[in-house]
Amino acid sequence: MEFKKLTTRRVIGIPLGVFLIILASRIFIIVTMAVGRAAFPTVDLPGSWMVEEDHPFRDYLANFDGAWFIRVAAIGYEKLHSGDYDWREENKRLRVLDERGYLEGKAGFGYRHFPTFPYMIRAVQPVFKDWVLTGLLVANIFSFIFLIYLFYLTEDEFGTTAAWFAVTFTTFGPAGH
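Below is a summary of the structure that appears in this document.

Basis of the calculations
- Residues numbered from 1 in each chain as written.
- Predicted model: local features only at pLDDT ≥ 70, side-chain atom pairs only at ≥ 80, totals over all residues.
- Heavy atoms only, no water.
- Helix = DSSP H or I, 4+ residues; strand = E, 2+ residues; numbered from the N terminus.
- Buried < 20%, exposed > 50% of the residue type's maximum accessible area, 1.4 Å probe, protein only.
- Contact = heavy atoms within 4.5 Å.
- Areas by Shrake-Rupley, 256 points an atom, 1.4 Å probe, with all protein chains shown as cover.
- Salt bridge = Lys/Arg side-chain N within 4 Å of Asp/Glu carboxyl O.
- Phe/Tyr/Trp six-rings, centres within 6.5 Å; stacked < 30°, edge-to-face > 60°.
- Arc of directions from axis to C-beta.
- Axes fitted to C-alpha atoms, helices over the stretch in contact; angles between N-to-C directions.
- Parallel < 35°, antiparallel > 145°, perpendicular 65-115°, else oblique.
- Left-handed = near helix turned anticlockwise from the far one by under 90°.
- Nonpolar A, V, L, I, M, F, W, Y, C, P; charged D, E, K, R; others polar.
- Polar contact = N/O pair within 3.5 Å; in protein donor to acceptor, adjacent residues only side chain to side chain.

### Comments concerning the overall build of the protein chain
Then, number 1: Per the secondary structure count, the protein chain includes nine helices and zero strands.
Then, number 2: The N-to-C order of helical and strand elements in the protein chain reads α-α-α-α-α-α-α-α-α.
Then, number 3: Counting only residues that meet the buried cut, the protein chain has 38% of its 177 residues in that class.
Then, number 4: A sequence separation of at least 24 residues applies to 62% of the contacts in the protein chain between residues at least 6 apart.
Then, number 5: Of the accessible surface of the protein chain, which amounts to about 11000 Å², a share of 67% is contributed by carbon and sulfur atoms.

### Side note on the pattern of salt bridges
Then, number 1: Enumeration over the complete set of coordinates arrives at three salt bridges.
Then, number 2: Across the pair R93 and E90 runs a salt bridge, and its minimum N-O distance is 2.6 Å. With R93 and E90 both in helix α5 (residues 87–94), this residue pair falls three residues apart, about one helical turn.
Then, number 3: Of the residues examined, E90 reaches a relative accessible area of 12% and is grouped as buried.

### A word on the packing of aromatic side chains
Then, number 1: Under the criterion given, the structure shown has eight aromatic pairs.
Then, number 2: For the ring pair F69 and F117, a centre distance of 5.1 Å and an interplane angle of 85 degrees mean the geometry is edge-to-face. Taken together, the positions of F69 in helix α3 (residues 65–75) and F117 in helix α7 (residues 116–128) put the pair 48 residues apart, joining distant regions of the chain.
Then, number 3: Assessed through its relative accessible area of 24%, F117 is described here as partly exposed.
Then, number 4: Relative to Y152, the ring of F151 lies with its centre 5.9 Å away and its plane at 80 degrees, an arrangement referred to as edge-to-face.

### Details of helix α6 (residues 99–106)
Then, number 1: For α6, every residue scored as buried is listed here: G101, Y102, E104 and G105. Looking straight down α6, one finds that the buried residues subtend no more than 170 degrees of arc, so they occupy a single side.
Then, number 2: Contact partners of the buried residues in α6: α3, α4 (77–82) and α5.
Then, number 3: Positive phi shows up at G108, right after α6, with a value of about 95 degrees.

### Side note on the packing of helix α1 (residues 8–39) against helix α8 (residues 131–158)
Then, number 1: Direction vectors running N to C along α1 and α8 enclose 125 degrees, while the axes themselves pass 10 Å from each other. What the angle tells us is that α1 and α8 run oblique. By crossing handedness, the relation of α1 to α8 is classed as right-handed. Note on element contacts: α8 touches α1 through N140, S143, F144, L147, I148, F151, Y152 and E155, opposite R9, R10, I14, P15, V18, F19, I22 and R26.
Then, number 2: The class makeup of the residues in the contact of α1 with α8 is ten nonpolar, two polar and four charged.

### A few points about the side chain of D130
Then, number 1: Following the sequence through the fold, D130 ends up in the loop between α7 and α8.
Then, number 2: Here the side chain of D130 touches L133 through a polar contact of 2.7 Å, landing on its backbone nitrogen.
Then, number 3: Not counting residues within four places of it along the chain, the set of residues in contact with D130 comprises R58, R95 and Q125.

Listed below in structure tokens is the structure:
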């Protein structure tokens, strides 16, 4: 592999293009979620934070594994597993914890999630003061970095057009969220 010259296109143009693709995909996902939430009835899950009306919309972006990463970051593996905390108080602080999550945490579900991402959330959280917002920002920053690397690797092997397709399909694909 030969060393490519640093040009304005490689330093500014490609990252800007990747950023715009990410932005477009996030807008698409948020609009789809908002329309779906308004158009379809919610399932009756008593005590689940995911169907409560008073949550900020951004909390719904941190559902399922995202909620677990935030729980691990804020509470820690040991405390989640021991259940040595008041889940109602933690829900006021985190907004992504409910009785089911408390019981699943006691059953060891938190251990299914590797520690690097929660530790990064924990490290950055003091800056933003909000666990969910911090988790979303850290996830999107690393998505951006990954997609830039994907672009450069694909461009070296298959050309510029293939690289843009790879970034677009990875970003808009179901596994990209």
